[in-house]
Amino acid sequence: MSKVNPVIEKSWKDILGEEFDATYFAQLKEFLVGEKLKFTIYPAGPQIFSAFNFTSFYQVKVVILGQDPYHGPGQAHGLCFSVPEGVAQPPSLKNIFKEINSDLGHEIPKHGNLEKWAKQGVLLLNATLTVRARQAGSHQNRGWEMFTDAAIRRLSEQRQNLVFLLWGNYAMAKEPLIDSSKHLILKSAHPSPFSVHRGFFGNRHFSKTNNYLKDHGIGEVDWRV
């Protein structure tokens, strides 16, 4: 990780510069160096900041918040809920596609790569940007959350009329970081099979997002991948 000094898109580097210089970030890098010596870490180093690199600060229209990267081989590539083409869709992602199908009538795709969303201004942000192979939550509370909270806070403060999609209790806990007088916050249960029937199915967040963007003169998101 010491070699992977943040390779991050310029607008984000400017906005988050003081975070990279903070003590907690130096400690996080030191932790990751040690982890890489002992464990397999996902995603690969160049993909850690993919969410930021695909979606510049001033391009963001929508923020989807996840928790951790996927921890299985070949799954994580730096965008929350997304997997590379050729990798089986995880259950939560399948449920997201089912809701899009129900809400907008789009065909359920064969792959789970959400880069097309990211290129349109959907920031697919996990709270924690790395994880040990096969150990969910293994890099929580090491500093990543401070960094990603700062990103959410800056978006709330410096942008207007963004849509924040908060699915599940973990994401909803980020609500205090967001100014609801300037942005739309949509909340529901998580798309996980354990909670999807408690309010994710039928939330119509995708059409609601596009209606809000359209009402504010902002280009809608094409949710097809």
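The structure under discussion appears in the preceding block.
All values reported here derive from a predicted model rather than from experimental measurement.

A. Representation of the sheet that holds strand 2 (residues 62–66) in the model. Pairing is parallel across the open sheet formed by four strands, whose spatial order is 3-2-5-6. The open sheet terminates on both sides in strands that have one partner only, identified here as strand 3 (122–126) and strand 6 (184–188). On average, each strand axis in the sheet is inclined to that of its neighbour by 20 degrees, with strand direction left out of account. Here three bridges tie strand 2 to strand 5 (residues 163–167), and the two strands are oriented parallel to one another. Directly across from Val63, in strand 5, lies its bridge partner Phe164.

B. Geometry of the side chain of Ser188. For Ser188, the position within the fold is in strand 6. With relative accessibility at 9%, the residue Ser188 sits in the buried group. If we ignore the near neighbours within four places in the chain, the residues touching Ser188 are Leu166, Trp167, Gly168, Met172, Gly199, Phe200, Asn203 and His205.

C. Representation of the nonpolar core in the model. Formed by 65 residues in total, the largest nonpolar core has its most connected members in Trp12, Phe49, Phe52, Ile64, Trp117 and Phe147. Take this core: its biggest share by element is six residues, from helix 7 (residues 144–158). Beyond its immediate sequence surroundings of up to four residues, Trp117 is in contact with Ile64, Ile96, Phe97, Ile100, Val122, Leu124, Phe206, Asp222, Trp223, Arg224 and Val225.

D. Structural view of helix 9 (residues 205–215). Listed in full, the buried residues belonging to helix 9 are His205, Phe206, Ser207, Thr209, Asn210, Tyr212 and Leu213. Against strand 2, helix 5 (91–104), helix 6 (115–119), strand 5 and strand 6 lie the buried residues of helix 9. Looking one or two places after helix 9, you find Gly217, whose phi comes out positive at around 70 degrees.

E. Broad picture of the packing of helix 5 against helix 9. Two elements in contact, helix 5 and helix 9, have axes whose closest approach is 8 Å; the angle formed by their N-to-C orientations is 60 degrees. When the interaxial angle is binned, helix 5 and helix 9 end up oblique. Contacts between helix 5 and helix 9 pair Ile96, Glu99, Ile100, Asp103 and Leu104 from the former with His205, Phe206 and Ser207 from the latter. Broken down by class, the residue content of the contact of helix 5 with helix 9 amounts to four nonpolar, two polar and two charged.

F. The pattern of salt bridges, seen in detail. Per the counting criterion, the structure on display carries nine salt bridges. The partner of Asp14 in a salt bridge is Lys10, and the shortest N-O contact between them spans 2.7 Å. Here Asp14 and its partner Lys10 are both found in helix 1 (residues 10–15), four residues apart, which amounts to about one turn of the helix. Between Lys187 and Glu175 there is a salt bridge; the shortest N-O distance is 3.0 Å. Of this pair, Lys187 sits in strand 6 while Glu175 sits in the loop between helix 8 (169–172) and strand 6, and the two are twelve residues apart along the sequence.

Reading the values: rules and limits
- Residues numbered from 1 in each chain as written.
- Predicted model: local features only at pLDDT ≥ 70, side-chain atom pairs only at ≥ 80, totals over all residues.
- Heavy atoms only, no water.
- Pairing = 2+ DSSP bridges.
- Helix = DSSP H or I, 4+ residues; strand = E, 2+ residues; numbered from the N terminus.
- Axes fitted to C-alpha atoms, helices over the stretch in contact; angles between N-to-C directions.
- Buried < 20%, exposed > 50% of the residue type's maximum accessible area, 1.4 Å probe, protein only.
- Contact = heavy atoms within 4.5 Å.
- Core = buried A, V, L, I, M, F, W, Y, C linked by side-chain atoms within 4.5 Å.
- Parallel < 35°, antiparallel > 145°, perpendicular 65-115°, else oblique.
- Nonpolar A, V, L, I, M, F, W, Y, C, P; charged D, E, K, R; others polar.
- Salt bridge = Lys/Arg side-chain N within 4 Å of Asp/Glu carboxyl O.

Such coordinate-based values are descriptive only and should not be taken to indicate function.
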